[in-house]
Amino acid sequence: MTTKDRILEAAAKLFYREGVRAVSVDAIAEQAGVTKRTLYYHFRSKDDLIAAYLEGRDQPNLALFQRWFAEAEGGLPEKIEAIFRNLAKSARHPAWKGCGFLRTSVELVEFPGHPALVAGRAHKKHVEDWLSEVTGDRQTARQIILLMDGAFAVVLLHRDPSYLETAGAAAARLAAAPAQPAST
């Protein structure tokens, strides 16, 4: 593992567990076993490191959704619902802290141009694009994304993963319904 990868791995663990604002560069350097100078050699700023953390989660998260979809039995509605069931299973793990992209966006809401928010928007767009491909409908894909992101928020509030299962049932109904023309 390269030094840069060690720094990113340490940052990812700390950022997900504690939040991006709560974690200091000193803590990341210590966790990675490097000096702050070395950290800054690889990342110009903490902001760039936060963005790299989210960029590093983009494709693995999307690939996980795609795997859950592919492995599910049944048609489109059942495959969409399977994503939510698997998310609910993940949310039952004691270390689960929700969607790292959404949590980071909340922490950095007053900085709309922050590179981490750019990375977060890109990830959500990748998921939406993929859902649009599999459902054949952009509006349905957006509705599924809204159900997913809303469920993430409610699960964090109530600490009850069954909200993801409920959202999955609603997403399955959306996937089963004929596409409706987008309203203007």
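Only a predicted model underlies this, so the values are computations on that prediction, with no experimental measurement involved.

Enquirer: Could you give an account of helix 4 (residues 46-71), with specific residues and numbers?
Expert: A rise of 1.5 Å per residue sets the reference length of helix 4, with its 26 residues, at 38 Å; its end C-alpha atoms lie 38 Å apart and thus fit the reference within 8%. The largest bend in helix 4 comes to about 30 degrees, at Asp58, with the proline Pro60 one to four residues further on. Of all the residues in helix 4, the buried ones are Leu49, Ile50, Ala51, Ala52, Tyr53, Leu54, Asp58, Leu62, Phe65, Trp68 and Phe69.

Enquirer: Give a description of the domain arrangement of the protein that names residues and reports values.
Expert: By domain assignment, the protein separates into domain 1 (1-43) and domain 2 (57-176). Each of domain 1 and domain 2 has a C-alpha centre, and these two points are 27 Å apart. At the interface, eight residues of domain 1 touch 12 residues of domain 2. Interface area, domain 1 with domain 2, both sides summed: about 710 Å², of which 46% is carbon and sulfur. For domain 1, the biggest contributors to the area lost against domain 2 are Tyr16, Val20 and Arg21; these three give 81% of the whole.

Enquirer: Describe in detail the nonpolar core, supporting the description with residues and values.
Expert: Counting 51 residues, the largest nonpolar core has Phe15, Ile28 and Leu164 as its most contacted members. Within the residue set of this core, elements represented by two or more residues are helix 1 (3-18), helix 2 (25-32), helix 4, helix 5 (76-91), helix 7 (115-135), helix 8 (138-158) and helix 9 (162-176). Among the elements that line this core, the one with the most residues is helix 4, at nine residues. Shared between two domains, this core holds at least three residues of each, these being domain 1 (1-43) and domain 2 (57-176). In this view, Phe15 contacts Val20, Val23, Ile28, Lys46, Leu49, Ile50, Tyr53 and Arg103; residues no more than four positions away in its chain are not counted.

Enquirer: Help me get a handle on the packing of helix 5 against helix 7, residues and values and all.
Expert: As a packed pair, helix 5 and helix 7 sit with axes 11 Å apart at the nearest point and diverge in direction by 155 degrees. The orientation of helix 5 with respect to helix 7, classified from their angle, is roughly antiparallel. Touching Leu76, Ile80 and Ile83 of helix 5 are Trp130, Leu131, Val134 and Thr135, all from helix 7. Its residues assigned to classes, the contact of helix 5 with helix 7 shows six nonpolar, one polar and no charged.

Quick notes on the rules
Residues numbered from 1 in each chain as written. Predicted model: local features only at pLDDT ≥ 70, side-chain atom pairs only at ≥ 80, totals over all residues. Heavy atoms only, no water. Helix = DSSP H or I, 4+ residues; strand = E, 2+ residues; numbered from the N terminus. Expected span 1.5 Å × (residues − 1). Bend = angle between axes of the 7 residues up to and from the residue. Buried < 20%, exposed > 50% of the residue type's maximum accessible area, 1.4 Å probe, protein only. Domains from an automatic or database assignment. Contact = heavy atoms within 4.5 Å. Buried area = accessible area lost by both parts, 1.4 Å probe. Core = buried A, V, L, I, M, F, W, Y, C linked by side-chain atoms within 4.5 Å. Axes fitted to C-alpha atoms, helices over the stretch in contact; angles between N-to-C directions. Parallel < 35°, antiparallel > 145°, perpendicular 65-115°, else oblique. Nonpolar A, V, L, I, M, F, W, Y, C, P; charged D, E, K, R; others polar.

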